[in-house]
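So the chains spell out like this:
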Amino acid sequence: MKNSILSILAIACAMLGSVQTVSAAGDVAKPKQMDWSFSGPFGTYDKAALQRGFLVFKSVCASCHSLDKIAFRNLEALGYEEAQIKTLAAEYTVTDGPNDEGEMFDRPARPSDYFPNPYPNKAAAKYANNGAYPPDLSLMTKARKDGANYVYSLLTGYKDAPEHVHLMNGQYYNPYMAGGVIAMPAPLSDGQVGYEDGTATTVDQYAKDVVHFLNWAAEPELEARKRMGVKVLIFLSIFALVMYGVKRKIWHDVH
Amino acid sequence: MAGGQRQKFDNPVVEWVDSRLPVFTLMQKEYGVFPTPRNFNYFWNFGAIAMFMLVTMIVTGITLAMQYTSSTSMAFDSVERIMRDVNYGWLIRYIHMNGASFFFIAVYIHIFRGMYYGSYKQPRELLWILGVVIFLLMMATAFMGYVLPWGQMSYWGATVITNLFSAVPVVGDDIVTLLWGGFSVDDATLKRFFALHYLLPFVIFAVVFLHVWALHVTGSNNPTGVEPKGKQDTLPFHPYYTMKDTFGLIVFVIIYAAFVFFMPNALGHPDNYIPADPLVTPAHIVPEWYFLPFYAILRAITFDLGIPFTEVVLIEAKLGGVIAMFGAIVLLLIMPWLDTHPVRSARYRPWYKKTLLVFVFGVVVLGYAGSQPADKVYWQTCIGSEAACEATDAHHGAADATGHHDVAEKAPTVLKFDNTMLAQLFTIYYYAFFLVILPLLSRKEQALPIPKSIHEAVLAKSKAKETK
């Protein structure tokens, strides 16, 4: 009894007295809703889009962002041949060792190697980027709410800052970023990456393709998962119908 | 069981074993011919479903443990390795991850069934208590399991929850150090959580065994709450309920599979795909959905409890929250003694039924409140001059660091209803339901006429169907 009086008092006090600030992070723009080929129960990746997205990642994102969880061998899923992957990997240099003499040495990357990090460590990455750490992109579309749409909206959503937002040096305005302020300058511009298949070389197209690629990087199992899911659900539905029949037959005399 | 009574089996191998260790006789007695009320509805499936989920969690969990590494530097990556490089690792992990949620769904429905039909009442009090113990163990297991992937929510969830124990007077800090195995959530914490996460399911299994044992002593309750009075009221467990349970289980598994294969991360938090970082605090730390009602109760106590009109504080807000949260479960434990009404089933208790459904609604609202930031404002109005109100609004919006504002003459009164108050409102109802409503209804509630027997109730129901 005493407790409830106290709590009522406390509620009343809270109602009258407190001045609470509505959090500034509340005003984030809702991501644009795109139609991805990989969404929905029968969704699959578009290999051409994956390859284009990889190209964008390789020539733009990879200069600051790592992709720790992906090895060159994984790129087979994008439709590349083994030989192509070998050539592709060889473009990169990785440090290996120690050799028989105890020395570390550089060698061209092999398909079994993982994507090299553009920076030797986190401190170097921060130092090179105005104190902001470019996050690893392997899980980006899973690590944000509505991930694929979010990354697409972010990449295409750069704007001039509205009057009340004050940007410091090295800060940019993007309404899709929590708080509106982002340390990454708009990374894409029209015509920046050459496509061989005649697809439009626009920011919008780049963003779509690279999101496609990043979603694959985050969920490489997606196609296998959904394919298996359809089979499992068909099997279970039939099983359920059979069991319903069995149950009805057994219970027939009881009801 | 011992001596004489045992019936012979035709199969010589079965008979050879059974005459030495009567496991077949036991199964026959407890799951074959076991007399079970004939009027179960589908709510009675969820015990079996929960059992299925426990086994699923143990099997997938052991398989995951074969690949998982419980050190802070490798835990996150080892989970990703399971997802990417281990054959069908993604399948096993998604089954396990979503399995936790579906285990809780099954158990919450199972608990609701027990409350609605009065299954906690005499003579099933101990059966009920064992159930609540299982629920508590599940919460501990699930909490520690969520820490293992060592994502942002793992780390910060562990930090917030373990810190709660520091509210315990005198020994609080020592308890926290013991939980952590050090002075912060770190490698030692993760390692002991993994060890305990592996251990506790087997403890749960043991308590489930006692729970089922107790059930087979008293027999099941049923939707009428009237005890079976003879053969006409019961059916042998097999094949009637083995088949009905299997059907219900498959339907449940269909929904479960839909999540596993098509929206495996819908019930999780995206922040847990960011590796744990002690230097970056997430904007909102939220636990898994099945803890949200209790989390809301924890956060609802935002005030110190003391002697009115003095400065004396008896219980600080933090401790108050912890007490309220654990108290919410203690209330479940003692429920058989709070509700002493002679009629079991809510079917024949109109007031109990209504207040219980409001209670369920309240728990859902608490769950919602737990998922929202504490200072979220649902409704607000300003009483005072227009200018003064605008000034207050501007002050809110700009959130200026100076804390200085020029509303000199008369500060306006701002009335509002925020998330904390929503949680407080339904926390009060949660407690009132157990401590006020149940004892009151026990004494005052006039029950509707109850059927003389299950048989009679079933006949009346099928007659009503025919006349329709």
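Along each chain, numbering runs from 1 in the same order as the chain's sequence is written. Here chains are named by letter from A upward and ligands by number from 1 upward, in the order in which they appear as written. Predicted model: local features are reported for residues with pLDDT of at least 70 only, side-chain atom pairs are reported and counted for 80 or more only, and whole-chain, interface and lining totals are derived from all residues. Values shown for side chains rest on all heavy atoms present in the structure; no hydrogens or waters enter the calculation.

**Considering the overall build of chain B**
Logical step 1: Secondary structure elements follow DSSP: runs of H or I no shorter than four residues count as helices, runs of E no shorter than two count as strands, and numbering proceeds from the N terminus. The secondary structure content of chain B amounts to 17 helices and six strands.
Logical step 2: Its C-alpha atoms put chain B at 95 × 60 × 50 Å along the principal axes.
Logical step 3: Note on exposure labels: buried denotes an accessible area under 20% of the residue type's maximum, exposed denotes more than 50%, and partly exposed covers the range between, all computed with a 1.4 Å probe on protein chains only. Residue burial in chain B is summarised as follows: out of 468 residues, 50% are buried.
Logical step 4: When checking whether two residues touch, look at their non-hydrogen atoms; a contact exists if any pair is within 4.5 Å. Restricting to contacts in chain B with at least 6 residues of sequence separation, those with at least 24 account for 80%.
Logical step 5: Residue-level accessible areas treat just the shown protein chains as cover; the underlying method is Shrake-Rupley with a 1.4 Å probe. Of the roughly 23300 Å² that chain B leaves accessible, carbon and sulfur atoms contribute 68%.
Logical step 6: Only four residue types enter the tally: Lys and Arg on the positive side, Asp and Glu on the negative side, with His and both chain ends excluded. Charge positions come from single atoms, namely NZ of Lys, CZ of Arg, CG of Asp or CD of Glu. Taking the average location of the 33 positive side-chain charges in chain B and that of its 33 negative ones, the two points are 18 Å from each other.

**A closer look at the interface of chain A and chain B**
Logical step 1: Tallying the contact residues gives 48 residues for chain A and 51 residues for chain B.
Logical step 2: Once two parts are brought into contact, the accessible area they lose, counted with a 1.4 Å probe and summed over both, makes up the buried area. Between chain A and chain B lies a buried interface of about 4400 Å² when both sides are counted; carbon and sulfur atoms form 72% of it.
Logical step 3: N or O atoms within 3.5 Å of each other form a polar contact, as long as, within protein, one can give a hydrogen and the other can take it, and as long as residues adjacent in sequence are counted only when both atoms are side-chain atoms. Taken together, the links from chain A to chain B amount to seven residue pairs in polar contact (both at pLDDT 80 or more).
Logical step 4: Looking at which element gives the most residues to the side of chain A that touches chain B, the answer is helix α7 (residues 222-251) of chain A, with 18 residues.
Logical step 5: The residue inventory of the side of chain A that touches chain B, partitioned by class, reads 29 nonpolar, eight polar and 11 charged. Ten residue types, Ala, Val, Leu, Ile, Met, Phe, Trp, Tyr, Cys and Pro, are classed as nonpolar, four, Asp, Glu, Lys and Arg, as charged, and the remainder, Gly among them, as polar.

**Some points on the domain arrangement of chain A**
Logical step 1: For the purposes of this description, domain bounds are those given by an automatic or database domain assignment. By the assigned domains, chain A splits into domain 1 (139-186 + 199-220) and domain 2 (225-255).
Logical step 2: Taking only C-alpha atoms, the centre of domain 1 of chain A and the centre of domain 2 of chain A are 45 Å apart.

**Brief notes about the packing of aromatic side chains**
Logical step 1: In this scheme Phe, Tyr and Trp rings, the latter by its six-membered ring, pair at centre separations within 6.5 Å, and the angle between planes marks the pair as stacked below 30 degrees, edge-to-face above 60, and tilted otherwise. The final tally for this structure, using the stated rule, is 61 aromatic pairs over all chains.
Logical step 2: Relative to Phe 213 of chain A, the ring of Phe 54 of chain A has its centre 5.5 Å away and its plane inclined at 50°; by these criteria the two rings are tilted. Note that Phe 54 of chain A is positioned in helix α2 (residues 47-59) and Phe 213 of chain A in helix α6 (residues 203-218), a separation of 159 residues in sequence. Accessibility assignment for this pair places Phe 54 of chain A and Phe 213 of chain A in one class, buried.
Logical step 3: With 5.5 Å between their ring centres and 85° between their planes, Trp 251 of chain A and Tyr 240 of chain B make a pair best called edge-to-face.

**Brief notes about the confidence of the model for chain B**
When pLDDT drops low, the exact placement of atoms in the prediction is not to be read closely.
Residues and elements named next belong to chain B.
Logical step 1: Taken residue by residue, chain B gives an average pLDDT of 93. The fraction at 70 or more is 95%.
Logical step 2: Under a pLDDT of 50 for its full length, residues 397-405 has, in the predicted model, three contacts with residues more than four places off or in other chains.
Logical step 3: This prediction of the complex comes with two scores: 0.91 for pTM and 0.89 for ipTM. Values of pLDDT, ranging from 0 to 100, describe the predictor's confidence in every residue of the model.

**Observations regarding the nonpolar core**
Logical step 1: By size, the foremost hydrophobic cluster in this structure holds 129 residues, and its most contacted members are Met 115, Tyr 352, Tyr 430, Phe 433 and Phe 434 of chain B.
Logical step 2: Look past the residues within four positions of Met 115 of chain B in its chain and what remains in contact with it is Tyr 120, Trp 128, Leu 332, Met 335, Tyr 352, Leu 356, Phe 359, Phe 433 and Phe 434 of chain B.
Logical step 3: Side-chain atoms within 4.5 Å link the members of a nonpolar core, which is a set of buried Ala, Val, Leu, Ile, Met, Phe, Trp, Tyr and Cys residues. Counting residues in each nonpolar core, the second largest holds 47 residues, with Trp 36, Tyr 152, Ile 182 and Val 211 of chain A among its members.

**Comments concerning the packing of helix α5 (residues 89-116) of chain B against helix α6 (residues 125-147) of chain B**
All names here are of chain B.
Logical step 1: Orientation of α5 relative to α6, taken along the N-to-C sense of each, is 155°, at an axis distance of 12 Å. Here α5 is positioned roughly antiparallel relative to α6, judged by the angle of their axes. The two elements α5 and α6 meet at a crossing, and its hand is left-handed. The residues of α6 that touch α5, namely those facing Phe 103, Phe 104, Val 107, Tyr 108, Ile 111, Gly 114 and Met 115, are Trp 128, Phe 135, Met 138, Met 139 and Ala 142.
Logical step 2: A breakdown of the residues in the contact of α5 with α6 according to their chemical character gives 11 nonpolar, one polar and no charged. All axes here are fitted lines through C-alpha atoms, helices being fitted over the stretch that makes contact, and every angle between N-to-C directions spans 0 to 180 degrees. With respect to orientation, any angle under 35 degrees is reported as roughly parallel, any angle over 145 as roughly antiparallel, any angle of 65 to 115 as roughly perpendicular, and every other angle as oblique. Each crossing is labelled by how the near helix is turned from the far one, with a counterclockwise turn of less than a right angle marking it left-handed and a clockwise turn marking it right-handed.

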